[in-house]
Amino acid sequence: MPHAGRRPAAIHAHRAPRTGARAKTESAANGSETYAFRLFVAGSEPNSTTARHNLTRLCEQYLPGRHRIDIVDVFESAALALKHHVLVTPTLIVLKPRLGVTLLGNLSETRQVLATLRLNGHGR
Amino acid sequence: MAATAHRARANIATALRSTRRQLAKVRTGIAGLDDVLRGGLPAGRMTLLSGGAGSGKSLIAMQCALHGATIDEPSILVLFEERAGAVRQNVLSLGWDVPALERKKKLFLLDARINPEAVISGDFSIKGLLAVLDRQVKFLGARRIVFDAVDTLLRLYDDPARERQELNGLHEWLLDRQLTAIMTVKADPQEGPSRYSFLDFMADCVIHVDQRVTGQVTTRRLRVVKYRGSGYGRNEYPFIIGDNGINVIPITSGVLEHRAPGARVSSGQAGLDHMLAGGYKRGTGILIVGTAGAGKSTMACMFAEAACGRGERVLYINFEESAESMVDNMQSVGVRLQPSMDTGQLVVQSYLPEATGVEEHLLRALAALDELRPQHLIVDAISACERMGTTHAAFEYLMRVLDGCKQRGITCIYINQAIASDVVSEISGIGISSLIDTVIALRQLPVEGVTKRQLIVMKSRGSNHSDRFHDFRITDGGIEVAQA
């Protein structure tokens, strides 16, 4: 449901334009920004498979058409893992938007994941 | 008959010994610790270092890694708590050039700090870390690895069973690659059985490190709690963090490995030489005891002056006064020390006994002996050593310094200030008398309004010494013993 929280434009005509992170988050919530994820996995290890599955499902449900998932296998790209400071797997790094958020684990705690990604309460 | 049987038993014992395989060990490079561990840490196995904050466990682990890097056993340092930059800076002050070792690919520091803002949502494992490490192990050909503050990693896991599982995985990974691993864990012994006591079971060698305050002085101790497949020193060993890293106070070996006494050397005073049937024997322990003002320091300084005159070196550890003050006072009785100090033959080190713990005093003394390599050592006065902490501490210091001298063939003169006027009875209370070969007692007697000075050789091993009190005077030319 787009623009679910917005009032008719006329009432807000005199308001100063919203700026900063809050604006970005809101616009993301309102569907204008693409989420870019980098998920570090350890081959076909169970937690990693679960994380891939969870992330894909989550993106299809809450970010349809505006998500990008980059899967990095630490067994193959150890250098990249080192660069991103990845120690445990799976690790999910959110590249865009710049929430400065890192998630550890197989992402099975859906509500927590959504809250961390600032996706809660919007859409089903 | 008995001899043949004995020989047969000895042969069997030797045969058994040769089939027994010795556990391979790697040296830590930490002075004294390799002795406690009877050679070093178990090669290709896990060692656990546990202790409270600031106990020194991280430094011990790091020094092992750094030593490995310098002896062509490339090492990896996985830092869960400290920043790699901070570590490089800290060990620089100890004389270790970490960046140079990193450039030569002998050392790799991994900043493994977990992002404190990371959100945990679901199960995870350390496979990622192991993958990263695998690459580095292969790249360096690493033989040693340190996990510093592994409890930081373990705390991420809520479930102890999961923790154990992960660590088992890590242990297998280490064993497969035959890496000698050292893990440090923060554990406060006061807290009782810690959450990480299962690590004690997993590790092949466990060392507890501890810092405590006794009598207002801080001491650090370590104790090997367990060492599978090897003997080890079972006591608590004090250690200090010195100028170049950790120093575990060397153990006095159970065997008396002292050099035989050497040739006679002049005491610096002709009359005394006569009483001693020639002088002191090199490499022996001499005790000069007397009340305040009896002339003990003067006697010792005359010895030093004479020794330096012969081209020898003397180390004078002074707990009573500064070098300047000492030189000045001796000047007034005709003992000239300044020339010897100028040439560097006489080195005077003045300390306040209560300034540091006995371990540091001991280490300084032994380090000075090794660095300066004097022929003789004088300690003025041993009675001041009690101020280092406790009577036991003083005894430790004196016993080990004297032992150290005898092992190196250095003549050691201890000056003891007696309280009672009857100096003779003071000797037995010291407790180091078995290591002392010569005892000279000085006393002052008031006779007819004048103080009469006398000295007697109470003991002199292997010498036919005089056994009577001899009068002496302190003049402008030092001590003059009256001819008997």
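The rules we used
In this convention, every chain numbers its residues from 1, walking through the sequence in written order. Chain A is the first chain written and ligand 1 is the first ligand written, with later ones labelled in order. Only residues with pLDDT of at least 70 get local features here, since the model is predicted, and only at 80 or more are side-chain atom pairs given and counted; chain-wide, interface and lining totals rely on the full set of residues. Only hydrogens and water are set aside; all other atoms, that is, all heavy atoms of the structure, feed into the side-chain values. Each helix is a run of H or I in the DSSP string that is no shorter than four residues. Each strand is a run of E no shorter than two, and both are numbered from the N terminus. Each residue gets one of three labels from its accessible area relative to the maximum for its type: buried under 20%, exposed over 50%, partly exposed in between, using a 1.4 Å probe on protein chains only. Every residue pair with non-hydrogen atoms within 4.5 Å of one another is taken to be in contact. Calculation of accessible area relied on Shrake-Rupley with a 1.4 Å probe; when residues are assessed, cover is drawn exclusively from the protein chains displayed. Between any two strands, pairing holds if DSSP finds at least two bridges. The term salt bridge refers to a side-chain nitrogen of Lys or Arg lying within 4 Å of a carboxyl oxygen of Asp or Glu. Angles run from 0 to 180 degrees between N-to-C directions of axes, and those axes are lines fitted to C-alpha atoms, restricted for helices to the stretch in contact. Definition used in this section: a nonpolar core is a set of buried Ala, Val, Leu, Ile, Met, Phe, Trp, Tyr and Cys residues joined via side-chain atoms within 4.5 Å. Stacked, tilted and edge-to-face pairs are distinguished by plane angle, under 30 degrees for stacked and over 60 for edge-to-face with tilted covering the rest, among Phe, Tyr and Trp rings (Trp via its six-membered ring) whose centres lie within 6.5 Å. Throughout, the arc means that of the directions going from the helix axis to the C-beta atoms. Expected helix span is given by 1.5 Å per residue-to-residue step, counting one fewer step than there are residues. Annotation comment: domain bounds sourced from an automatic or database domain assignment. Two parts placed together each lose some accessible area under a 1.4 Å probe, and the buried area is that loss summed for both. Two N or O atoms count as a polar contact when they lie within 3.5 Å, although within protein this holds only if one can serve as hydrogen donor and the other as acceptor, and sequence-adjacent residues are included solely when both atoms are side-chain atoms.

**Q** Even after reading the chapter, I still don't get the overall build of chain A, so can you show me in this structure?
**A** Secondary structure assignment for chain A yields 4 helices and 4 strands. Its helices and strands in sequence order give chain A the pattern α-β-α-β-α-β-β-α, from N to C terminus. In chain A, which comprises 124 residues, the proportion classed as buried is 40%. Taking as baseline every contact in chain A between residues at least 6 positions apart, the subset at least 24 positions apart corresponds to 66%. For chain A, the computed accessible surface area is about 7400 Å², with 51% contributed by carbon and sulfur atoms.

**Q** Explain the pairing of strand β12 (residues 245–248) of chain B here, please?
**A** Regular strands show a simple pattern: their side chains alternate between the two faces of the sheet. All names here are of chain B. The pairing of strand β11 (residues 236–242) with β12 spans 4 bridges and is classified as antiparallel. In the sheet register, F239 faces β12, and the bridge partner there is V248. Taking the residues that link successive antiparallel strands as the turn, the β11-β12 hairpin has 2 residues.

**Q** How should the pattern of salt bridges be read in this particular structure?
**A** Oppositely charged side chains can pair when the atoms bearing their charge come close. Residues and elements named next belong to chain B. In this structure the tally under the stated criterion is 27 salt bridges over all chains. The salt bridge involving R221 is made with E359; its shortest N-O contact spans 3.2 Å. Linking R221 in strand β10 (residues 217–227) with E359 in helix α14 (residues 358–372), this pair joins segments that are 138 residues apart in sequence. As a salt-bridge pair, R387 and E354 come within 3.1 Å of each other at their nearest N and O atoms.

**Q** How should the sheet that holds strand β8 (residues 180–186) of chain B be read in this particular structure?
**A** Residue and element names in this part refer to chain B. Taking strand neighbours across the sheet as the criterion, the 9 strands line up as β5-β4-β7-β8-β3-β9-β10-β11-β12 in an open arrangement whose pairing is mixed. Each of the sheet's edge strands pairs with one partner strand only, and the pair in question is β5 (107–111) and β12. Shown here is a sheet whose adjacent strand axes are inclined to one another by a mean of 20 degrees, direction ignored. One ladder, built from 5 bridges, connects strand β4 (residues 75–79) with β5; its direction is parallel. Residue pairing across strands places I76 opposite F108, the latter belonging to β5.

**Q** Which parts of the structure should I look at to understand the nonpolar core?
**A** One broad rule of soluble globular proteins: the nonpolar side chains tend to lie buried together. All names here are of chain B. Residues L133, I145, F147, L174 and L199 are the most contacted members of the largest nonpolar core, which totals 52 residues. Tallying contributions element by element places helix α6 (residues 127–140) first for this core, with 7 residues. Every residue in contact with L199, bar those within four places of it in the chain, is listed here: M46, L48, V150, L154, L167 and V185. Ranked by size, the runner-up nonpolar core spans 39 residues in total, among them V26, V36, W96 and Y237.

**Q** Looking at this structure, I do not really get the packing of aromatic side chains. What am I missing?
**A** Remark: the centre distance and the inter-plane angle together describe each pair of aromatic rings, the angle taken between the planes. Residue and element names in this part refer to chain B. Evaluated as defined, the whole model comprises 5 aromatic pairs over all chains. Geometrically, the ring pair formed by F124 and Y157 is tilted, given 4.8 Å between the ring centres and 35 degrees between the ring planes. Here F124, found in the loop between β6 (119–120) and α6, pairs with Y157, found in the loop between α7 (150–154) and α8 (160–176); they are 33 residues apart in sequence, far enough to count as distant. Classification of F124 as buried rests on a relative accessible area of 3%.

**Q** Explanation requested: helix α12 (residues 323–331) of chain B in the structure shown.
**A** Owing to its 3.6 residues per turn, the α-helix aligns residues three or four sequence positions apart on the same side. Residue and element names in this part refer to chain B. Burial in α12 covers these residues: A323, M326, V327 and M330. Seen end-on, α12 carries its buried residues on one side only, within an arc spanning 95 degrees. Opposite its buried face, α12 presents the exposed residues E324 and D328, each directed more than 90 degrees away. Where α12 is buried, its residues contact α11 (296–309), β16 (314–318), α13 (338–343) and β17 (346–350).

**Q** For this particular structure, what's the right way to read helix α2 (residues 46–62) of chain A?
**A** A rise of 1.5 Å per residue sets the reference length of α2(A), with its 17 residues, at 24 Å; its end C-alpha atoms lie 24 Å apart and thus fit the reference within 8%. Taken residue by residue, α2(A) has N47(A), S48(A), A51(A), N54(A), L55(A), L58(A), C59(A) and Y62(A) as its buried positions. Angular distribution of buried residues about the axis of α2(A) spans 125 degrees; they occupy a single face of the element. When the buried face of α2(A) is taken as reference, the exposed residues oriented beyond 90 degrees from it are P46(A), H53(A) and E60(A). Of the surrounding secondary structure, the elements contacted by the buried residues of α2(A) are β1 (35–41), β2 (67–73), β3 (91–96) and α4 (110–116) of chain A together with α8 of chain B.

**Q** For this particular structure, what's the right way to read the domain arrangement of chain B?
**A** The parts lose accessible area when they come together, and the size of an interface is often stated as this lost area. All names here are of chain B. Assigned domains of chain B: these are domain 1 (22–248) and domain 2 (264–481). The distance between the C-alpha centroids of domain 1 and domain 2 comes to 45 Å. Together, the buried faces of domain 1 and domain 2 total about 560 Å²; carbon and sulfur atoms form 75% of this surface. Ranking the residues of domain 1 by area buried against domain 2 places V217, P238 and I240 at the top, with a combined share of 67%. Run the count over domain 1 and domain 2 and you get 1 salt bridge. Summed over the shared surface of domain 1 and domain 2, the result is 1 residue pair in polar contact (both at pLDDT 80 or more). Looking at the side of domain 1 that touches domain 2, the element that brings in the most residues is β10, giving 3 residues.

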